[in-house]
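For reference, the chains in residue letters:
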Amino acid sequence: MDEDAAWAELVAGFDDEPEPGTASWPDAENLSPARPDDPAGDSDPDAGSGPPTRSIVVHPVIHGPRDYTAHEDEGHYVPPEPPPLPQADVTTKFAWLAVLGGPLLLIVFILLQQEITWWVMTLGVGGFVGGFCTLVTRLRTGEDDDELPGGGAVV
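Note that this is a predicted model, so its numbers are computed, not measured. (Residues numbered from 1 in each chain as written. Predicted model: local features only at pLDDT ≥ 70, side-chain atom pairs only at ≥ 80, totals over all residues. Heavy atoms only, no water.)

**Focus: the overall build of the protein**
In step 1: In terms of regular secondary structure, the protein is built from three helices and zero strands.
In step 2: Beginning at the N terminus, the succession of helices and strands in the protein can be written as α-α-α.
In step 3: In the protein, which comprises 155 residues, the share counted as buried stands at 8%. (Helix = DSSP H or I, 4+ residues; strand = E, 2+ residues; numbered from the N terminus. Buried < 20%, exposed > 50% of the residue type's maximum accessible area, 1.4 Å probe, protein only.)

**A short note on the layout of surface pockets**
In step 1: Of the pockets and cavities examined, the largest pocket occupies roughly 300 Å³.
In step 2: If you go around the largest pocket, the residues you meet are L85, P86, Q87, A88, D89, T92, W96, L135, R138, L139 and R140.
In step 3: Of the residues in the lining of the largest pocket, the class split is six nonpolar, two polar and three charged. (1 Å grid on protein atoms, 1.4 Å probe; cavity = no way out; pocket = protein on both sides within 12 Å on 5 of 7 lines; lining within 4 Å. Points joined across faces, edges and corners; volume = space filled by probe spheres on them. Nonpolar A, V, L, I, M, F, W, Y, C, P; charged D, E, K, R; others polar.)

**Points about unusual backbone geometry**
In step 1: Phi is positive for Q113, which is not a glycine, with a value near 55°.
In step 2: Within the fold, Q113 resides in the loop between α2 (90-111) and α3 (118-137).

**Some thoughts on the pattern of salt bridges**
Pairing is possible between side chains of opposite charge, provided their charged atoms come close.
In step 1: Tallied over the full model, the rule gives one salt bridge.
In step 2: One salt bridge connects D89 with R138, and the closest N-O pair in it is separated by 2.3 Å. You can see D89 sitting in the loop between α1 (3-12) and α2 and its partner R138 sitting in the segment after α3, a full 49 residues away along the chain.
In step 3: The exposure class assigned to R138 is partly exposed, which follows from its relative accessible area of 42%. (Salt bridge = Lys/Arg side-chain N within 4 Å of Asp/Glu carboxyl O.)

**Focus on the side chain of T92**
In step 1: Structurally, T92 is set in helix α2.
In step 2: A residue is classified by how much of its surface remains accessible, and T92, at 16% relative accessible area, is buried.
In step 3: Apart from residues no more than four positions distant in its own chain, T92 is found in contact with L135 and R138. (Contact = heavy atoms within 4.5 Å.)

Encoded structure:
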């Protein structure tokens, strides 16, 4: 049979109702509906039995991703030591102390259930805001870097 003819037959019979007495699937897959007057839904043990149950045997995975071991190569890549952190000046150190210490002071007073007086609030909030503003104003602008006129990559 030609593919086009088979396809046309399927499309033509799409909306047709099946003939009475023909089932769309095997009888073993039919489930008997529960009766509405039966609260448990299953008074007769043979009436509600569906298809026979089958068991599936699951075998353990023999090889998985955690069983993989890398081969030892003599020429593997070892990254160089990172450069040391730049030394911070006294102003930057005090700014970081204020940014971290201000909220920490408020948290300690809250955890110890102490009364937060005006000087504690001023020191906590003011220290955070002042340290943050100090750190932002001291950021490098990048103007002192050697920039190429074309802005391309340097090899």
